[in-house]
Amino acid sequence: MKDNYDLVVIGGGPGGYEAAIRAGQLGMSVACIEKRVYKGEPALGGTCLNVGCIPSKALLDSSHRYEATKHDLDEHGISTGDVAINIEKNDRA
Ligand SMILES: Cc1cc2nc3c(=O)[nH]c(=O)nc-3n(C[C@H](O)[C@H](O)[C@H](O)COP(=O)(O)OP(=O)(O)OC[C@H]3O[C@@H](n4cnc5c(N)ncnc54)[C@H](O)[C@@H]3O)c2cc1C
């Protein structure tokens, strides 16, 4: 890494990475600093990607699929065994 940049952006969420990318596109040398680590690796994307928008929509999708599998398939003549939720497999936090 260099010691000097035209711009240092603190935070790699949607606000930060957009600012960093745009400044880079405009020709500035940019560093984007993010403190979040996930499983030992730097985790860009901020609240939205890691714990907000995307995981919440993934959980909503999972809950719709669970509901449909548990309650709606029978009327289509499809039988299922036990249907269970394994939240660990869905967890990104
Ligand atoms: C449950 C939930 C669901 C959401 N769903 C939606 C949705 O469907 N649609 C939508 O538009 N928005 C949604 N949002 C809102 C969206 O997540 C935020 O608007 C967006 O993440 C804000 O971006 P940001 O870059 O300002 O902040 P953040 O995404 O919070 O990013 C800030 C980053 O800065 C880092 N940081 C903070 N301090 C430091 C420091 N000192 N040094 C280094 N790094 C630092 C943080 O670790 C973080 O990664 C949701 C939010 C939540 C909580």
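Because the structure is predicted, anything quoted here is derived from the model rather than measured.

Procedures and definitions
- Residues numbered from 1 in each chain as written.
- Predicted model: local features only at pLDDT ≥ 70, side-chain atom pairs only at ≥ 80, totals over all residues.
- Heavy atoms only, no water.
- Pairing = 2+ DSSP bridges.
- Helix = DSSP H or I, 4+ residues; strand = E, 2+ residues; numbered from the N terminus.
- Right-handed = clockwise from strand over helix to strand, strands pointing away.
- Domains from an automatic or database assignment.
- Salt bridge = Lys/Arg side-chain N within 4 Å of Asp/Glu carboxyl O.
- Buried < 20%, exposed > 50% of the residue type's maximum accessible area, 1.4 Å probe, protein only.
- Expected span 1.5 Å × (residues − 1).
- Arc of directions from axis to C-beta.
- Contact = heavy atoms within 4.5 Å.

(A) Region of the structure containing the pairing of strand β1 (residues 7–10). Pairing of β1 with strand β2 (residues 30–33) involves four bridges; the strand directions are parallel. If you follow Val9 over to β2, its bridge partner there is Cys32. Since β1 and β2 lie parallel, the crossover through helix α1 (residues 14–25) that links them has a hand, and here it is right-handed.

(B) Examining the domain arrangement of the protein more closely. The domains assigned to the protein are domain 1 (7–49) and domain 2 (52–90). One C-alpha centre belongs to domain 1, the other to domain 2, and the line joining them spans 34 Å.

(C) Inspection of the pattern of salt bridges at higher detail. Inspection of every chain in the model, using the stated rule, returns one salt bridge. Arg65 is paired through a salt bridge with Asp61; the nearest N and O atoms lie 2.8 Å apart. Of this pair, Arg65 and Asp61 both sit in helix α3 (residues 53–72), separated by four residues, roughly a single helical turn. For Asp61, a relative accessible area of 35% corresponds to the partly exposed category.

(D) Focus on α1. Compared with an ideal rise of 1.5 Å per residue, which puts twelve residues at 16 Å, α1 spans 16 Å between its outermost C-alpha atoms and is within 8% of the ideal. Every buried residue belonging to α1 is among Gly16, Ala20 and Ala23, and all of these are buried. The arc that holds every buried residue of α1, seen down its axis, measures 70°, which confines them to one face. Those residues of α1 that are exposed and aimed more than 90 degrees away from the buried face are Gly15 and Gln25. Contact partners of the buried residues in α1: β1 and β2. Downstream of α1 by one or two residues, Gly27 has phi in the positive range, about 100°.

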